[in-house]
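# Geometric and topological summary
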Amino acid sequence: MEKGKINVDFTEYETNIPESLKKLRRTYRLNKNKKLVKAFIPGNIKAVFVKEGDKVVLGQKLLVLEAMKMENEILAPVNGVVKKINVKLEDRVGKDQILIELK
Amino acid sequence: MSINERIRSWFIKKEKIQKGGGEKAIEKQYKKGKLTARDRINALLDKDSFFETDLFVEHKAKEFGLDKKTLAADGVITGFGRINNHKVCIYAQDFTVAGGSLGRMHALKITKIMDMAMKIGVPVIGINDSGGARIQEGVDALAGYGDIFLRNTKASGVIPQISVILGPCAGGAVYSPALTDFVFVVRNISNMFITGPQIIKSVLGEEITKEELGGAETHFTVTGNAHFIADTEHDTFKQIRKLFEFIPPNYKEKPPTTYSVEPNIERFDITSILPEDPKKPYDMRDVIGGIVDKSEFFEVQSGWASNIIVGFAHLDGKPIGIVANQPLMLAGVLDVDSSDKAARFVRFCDAFNIPLLTLVDMPGYLPGIDQEYAGVIRHGAKLLYAFSEATVPKLTLIVRKAYGGGYIAMCSKHLGADLVYAWPTAEIAVMGPEGAANIIFKKEIENSPNPDEMRKLKIKEYTEKFANPYLAASHGYVDAVINPEETRKELIKGLNFVLSNKDYMGNKKHGNIPL
């Protein structure tokens, strides 16, 4: 907890801000960049179907992320070209880790 | 067998079972800094008041060699007794017997004592200290948990239910405490989680200690699952005994009353509590202390969502539930967690005939993407629902800011408050003067040769006209604007008048509170 200000309806109020709120705010940052393909859950990479430089279309299978005993297919969120692949087979990835960058 | 022999054999059997898991296991329990199940019951209940039931119950499991084993009292002590002379039913899981694991008969003992509590109309206290389901009993152990959850739900709103976590409580087992009214935890002893640290590590590769994941502090400050925290088991028992000063034995009875005692302050001076600048914070607990008997406030969930305060106190010797915004934290705004916290407390008070006093000072809802995504609409609705649904006497005091949707939510006249009081410092408006002036006088401000001056002027105009209690009072939304120094006197007058409130929700199966 630390001293701070919060703004409600254009008015700033002096008060204390709990640490938990700041953490929460960080986790809710908007993912506006659809060209970054992230892990929505922690898990293991079970297959990679594309290589750098490949052209991909919306909905195309990029890789398989195994988590909670379930194989999740990760699909291309937009049409584009694979700029960079940050993972390889059997890699363990954390939540929100960037797996593939498109351009 | 002669009669004397029979009596001797009874005594030997009883002695053996009462030793639980035996001396070694008991010693181990003490080494962990924990009391035994029997110690706990004796420490919590009034002296010599405990009556034990089902001491001779045994499990009937046949698999995995369990048929060759007996488990003392099947790992749980059940019975009834008194707390401050109030009747209670109680059970305590015995960790020294097979890790307090829950099997079919263990669960049957618990459901029997819960049924008794409902039939007699007395609170039930569950002391949890168990490794979880007795794996050898398989699906029968699950059936046992299910039977307990069903009782917890049927007893909800009928008798107060209290859970004390004095050891591990993991997996499905956590849902019984979660269904009850109050959860007590002790630092370095209590642990609650659905999936433990080992599974989290093997599945997700994330390392976390069990204290961080589901220790007392975590549940008290992060998850909101625990209502009270203590450093020792004895301290937690003291808190439970204190709680009994405020709660009735069941939903048909009124909570216990006591003598009226003046607050511990010489004179209630609001100028020493409230800052002159309405944008500056103060501690709402100082206002509560100036109003209630002995200035004594028994706060619930003080470590979580502390932008709202909930808890019990006495007013003129009668137990009341207090819900109050806390300007010291996040300016007292309503948000996801504080709405949940207050709504749940309001519903407890309503279920058990405890009048509500709401103290209002908040500028509105917490703005943010996180809040919107977390469903502040759905969560905020709970508080509206809970106050609207409550038929207990409802008093509201508007201390300072009551803006916008938050004004409505904080037990306004519109949601059925019996009496709404306001101090002359109250500001009841659709939003704060800055925001309102920016919107209403947007054109005038933009078109002015000196916009900043114009804005200041308009804010001042708005403040003088609207940032007060009189407009709301002129429409009948505030029943009385009172002298802050006479707050206690006026609240007591009001409480004693509306105490005989015969409000009734009408006949239906149950409402559908947004969850």
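- As annotated in an unreviewed UniProt entry, chain B carries the name Methylmalonyl-CoA carboxyltransferase and comes from candidate division TA06 bacterium.
- Listed in UniProt under the heading Sequence similarities (unreviewed entry), the comment for chain B reads: "Belongs to the AccD/PCCB family."

- Per an unreviewed UniProt entry, the recorded name for chain A is Acetyl-CoA carboxylase biotin carboxyl carrier protein subunit, and the organism is candidate division TA06 bacterium.

### Section: the overall build of chain B
- Along chain B, the regular secondary structure elements total 20 helices and 17 strands.
- Projected onto its principal axes, the C-alpha coordinates of chain B cover approximately 105 × 55 × 45 Å.
- Expressed as a percentage of its 515 residues, the buried residues of chain B come to 53%.
- Of all intrachain contacts in chain B linking residues separated by at least 6 positions in sequence, the fraction that spans at least 24 positions is 74%.
- Split by element, the accessible area of chain B, about 23500 Å² in all, is 55% carbon and sulfur.
- Between the mean site of the 63 positive side-chain charges and the mean site of the 63 negative ones, chain B shows a separation of 7 Å.

### Here we look at the sheet that holds strand β6 (residues 61-67) of chain A
- Strand order in the open sheet made by the 4 strands is β7-β6-β4-β9 (chain A), with antiparallel pairing throughout. Strands with a single pairing partner mark the edges of an open sheet, and in this sheet they are β7 (70-75) and β9 (92-93) of chain A.

### A look at the UniProt feature "domain: CoA carboxyltransferase N-terminal" (unreviewed entry) in chain B
- Residues annotated in UniProt with the feature "domain: CoA carboxyltransferase N-terminal" (unreviewed entry) correspond here to residues 3-259 of chain B.
- From the first C-alpha to the last, residues 3-259 of chain B spans 53 Å; its make-up is 40% helix and 17% strand.

### Points about the confidence of the model for chain B
- Residues with a pLDDT of 70 or more make up 100% of chain B, whose mean pLDDT is 94.
- Taken together, the chains of this predicted complex give a pTM of 0.90 and an interface ipTM of 0.73.

### Things to note about the interface of chain B and chain A
- Listed per partner, the contact involves 34 residues of chain B and 22 residues of chain A.
- Ranking the residues of chain B by area buried against chain A places Lys279, Leu330 and Asp370 of chain B at the top, with a combined share of 23%.
- Taken together, chain B and chain A are joined by 1 salt bridge.
- Residues lysine 280 of chain B and glutamate 14 of chain A are paired through a salt bridge, measuring 3.7 Å at the closest nitrogen-oxygen approach.
- In this assembly, chain B and chain A are joined by 8 residue pairs in polar contact (both at pLDDT 80 or more).
- When residues of the side of chain B that touches chain A are traced back to their parent elements, those giving at least two are α7 (197-204), α13 (369-373), β14 (394-403) and α16 (433-440) of chain B.

### Observations regarding the packing of helix α4 (residues 104-120) of chain B against helix α5 (residues 139-155) of chain B
Residues and elements named next belong to chain B.
- Two numbers describe how α4 lies on α5: the axes approach to 8 Å, and their chain directions differ by 10°. Considering the angle they form, α4 stands roughly parallel to α5. Considering only the axes of α4 and α5, their crossing is left-handed. Facing α4, whose interface residues are Arg104, Ala107, Ile110, Thr111, Met114, Asp115 and Met118, α5 presents Asp140, Ala143, Gly144, Asp147, Ile148, Arg151, Asn152, Lys154 and Ala155.
- Each residue belonging to the contact of α4 with α5 can be placed in one class, and the counts come to 7 nonpolar, 3 polar and 6 charged.

### Focus: a nonpolar patch on the surface
- A cluster of nonpolar residues, Ile3, Ile7, Trp10, Phe11, Ile12 and Phe56 of chain B, forms a patch on the protein surface that exposes about 630 Å² of accessible area.
- Positionally, phenylalanine 56 of chain B belongs in the loop between β1 (51-53) and β2 (76-83).

### A look at the environment of threonine 463 of chain B
- Inspection of the secondary structure assignment puts threonine 463 of chain B in helix α18 (residues 451-466).
- Between the C-alpha atoms of threonine 463 of chain B and alanine 437 of chain B, which are 26 residues apart in sequence, the distance is 9.1 Å.

### Side note on the pattern of salt bridges
All names here are of chain B.
- For the structure on display, the rule yields 40 salt bridges over all chains.
- Note that aspartate 48 and lysine 47 form a salt bridge whose closest N and O atoms lie 3.9 Å from each other. Considered together, aspartate 48 and lysine 47 belong to a single accessibility category, that of exposed residues.
- Residues glutamate 486 and lysine 489 are paired through a salt bridge, measuring 4.0 Å at the closest nitrogen-oxygen approach.
- Under the relative-accessibility criterion, glutamate 486 is labelled partly exposed at 32%.
- Overall, lysine 489 belongs to the partly exposed group, its relative accessible area being 46%.
- It is possible to trace a salt-bridge network through shared partners that takes in Lys34, Arg40, Asp129 and Glu233.

### Considerations on the packing of helix α3 (residues 37-44) of chain B against helix α10 (residues 233-243) of chain B
All names here are of chain B.
- At a closest axis distance of 10 Å, the pairing of α3 and α10 adopts a crossing angle of 40°. What the angle tells us is that α3 and α10 run oblique. When the axes of α3 and α10 are compared, the crossing they make is right-handed. Contacts between α3 and α10 involve Arg40, Ala43 and Leu44 on the former and, on the latter, Glu233, His234, Phe237, Ile240 and Arg241.
- Broken down by class, the residue content of the contact of α3 with α10 amounts to 4 nonpolar, 1 polar and 3 charged.

Thresholds, definitions, all that
- Residues numbered from 1 in each chain as written.
- Chains lettered and ligands numbered in written order.
- Predicted model: local features only at pLDDT ≥ 70, side-chain atom pairs only at ≥ 80, totals over all residues.
- Heavy atoms only, no water.
- UniProt positions renumbered as here; feature names shortened; annotations may be inferred.
- Helix = DSSP H or I, 4+ residues; strand = E, 2+ residues; numbered from the N terminus.
- Buried < 20%, exposed > 50% of the residue type's maximum accessible area, 1.4 Å probe, protein only.
- Contact = heavy atoms within 4.5 Å.
- Areas by Shrake-Rupley, 256 points an atom, 1.4 Å probe, with all protein chains shown as cover.
- Lys, Arg positive; Asp, Glu negative; His and termini not counted.
- Charge placed at Lys NZ, Arg CZ, Asp CG, Glu CD.
- Pairing = 2+ DSSP bridges.
- pLDDT = per-residue confidence, 0-100.
- Buried area = accessible area lost by both parts, 1.4 Å probe.
- Salt bridge = Lys/Arg side-chain N within 4 Å of Asp/Glu carboxyl O.
- Polar contact = N/O pair within 3.5 Å; in protein donor to acceptor, adjacent residues only side chain to side chain.
- Axes fitted to C-alpha atoms, helices over the stretch in contact; angles between N-to-C directions.
- Parallel < 35°, antiparallel > 145°, perpendicular 65-115°, else oblique.
- Left-handed = near helix turned anticlockwise from the far one by under 90°.
- Nonpolar A, V, L, I, M, F, W, Y, C, P; charged D, E, K, R; others polar.
- Patch = residues over 30% accessible without salt bridge, like charges linked within 9 Å, V, L, I, M, F, W, Y side chains within 5 Å.

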